[in-house]
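As a plain string of letters, each chain reads:
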Amino acid sequence: MSQPIVELYTDSQFFSPYALSAFVALTEKAIPFNVKPVDLAKEEHQQAAYVSLSLTRRVPTLVIGEFQLSESSAIAEYLEDIHPAHAIYPRDVKQRAKAREIQAWLRSDFMPIRAERSTEVIFSDGKFPPLSAAAQGAAHKLIAAVEKLLSHGQDNLFREWCIADTDLALMLNRLVMHGDAVPENLRHYAHKQWQRPSVQAWLALPAKMRG
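To keep things clear, this report deals only with the structure shown in the data block. Since we're looking at a predicted model, the values are computed, not measured.

A short note on the sheet that holds strand 3 (residues 61-64)
Taken together, 4 strands build an open sheet; the order of strands is 2-1-3-4 and the sheet is mixed. This sheet does not close on itself; its edge strands, each paired only once, are strand 2 (34-38) and strand 4 (67-70). Taking each pair of neighbouring strands and ignoring which way they run, the sheet shows an average axis angle of 20°. Contacts from helix 1 (residues 17-28) reach strand 1 (6-11), strand 2 and strand 3 within the one sheet, and its direction differs from that of strand 1 by about 155°.

Observations regarding helix 8 (residues 163-176)
With 14 residues, helix 8 should reach 20 Å at 1.5 Å per residue; the first-to-last C-alpha distance of 20 Å fits that figure. Extensive coverage of helix 8 is indicated by the burial of 14 of its 14 residues.

Regarding the side chain of D39
Looking at where D39 falls in the secondary structure, it is placed in the loop between strand 2 and helix 2 (48-51). In this structure, D39 is buried with no salt-bridge partner, the nearest side chain bearing the opposite charge being K42 at 4.2 Å. Among residues more than four places away in sequence, those in contact with D39 are S12 and E44.

Some details on the environment of E66
Mapped onto the fold, E66 is located in the loop between strand 3 and strand 4. A relative accessible area of 76% means that E66 is categorised as exposed. Linking E66 and P4, residues 62 residues apart in sequence, is a C-alpha distance of 8.5 Å.

Parameters and conventions
Residues numbered from 1 in each chain as written. Predicted model: local features only at pLDDT ≥ 70, side-chain atom pairs only at ≥ 80, totals over all residues. Heavy atoms only, no water. Pairing = 2+ DSSP bridges. Helix = DSSP H or I, 4+ residues; strand = E, 2+ residues; numbered from the N terminus. Axes fitted to C-alpha atoms, helices over the stretch in contact; angles between N-to-C directions. Contact = heavy atoms within 4.5 Å. Expected span 1.5 Å × (residues − 1). Buried < 20%, exposed > 50% of the residue type's maximum accessible area, 1.4 Å probe, protein only. Lys, Arg positive; Asp, Glu negative; His and termini not counted. Salt bridge = Lys/Arg side-chain N within 4 Å of Asp/Glu carboxyl O.

Structure follows, in structure tokens:
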């Protein structure tokens, strides 16, 4: 019996942190898949063809055969369930819960950072004005939390890499790559996570898709 085709719908600029997270999850699990860019500027995500696939009308959306799933954390957890090899979450149940806590927090908080340090900083060397007081407060909260999470001195959150490391490094890199003040140990962590082959594969996508 042939395996169903796996497709990942992403933004066509490859700026979405959530599409990156889903791409990394698939890549880490060594699941063959096709990337399907969606032009958000042309509102392709609001057109009937995409609406029929995505409940949320957002990217990313994973399509496996007749099954469709949106929201990057839901995609990561589903992939972990159906392809337990090459784990992307910690095996320890408490650590796994903490990884999901971090993912949920990054997706629901830090709006001032996301607004003032968009992913243009990371993916196209965007430059923006100095952080507002609100964004500075969010940055201090983020830095304090990551200092606590990495107080064990390891290179990953939970000794071995997990998908939350990629998500957390992306949030930090909004500051690091813009040149905002971030402690050296956190800069090292964010840089090291960005060298992971699955992340580098995402960064190579624009040239690959053009070629």
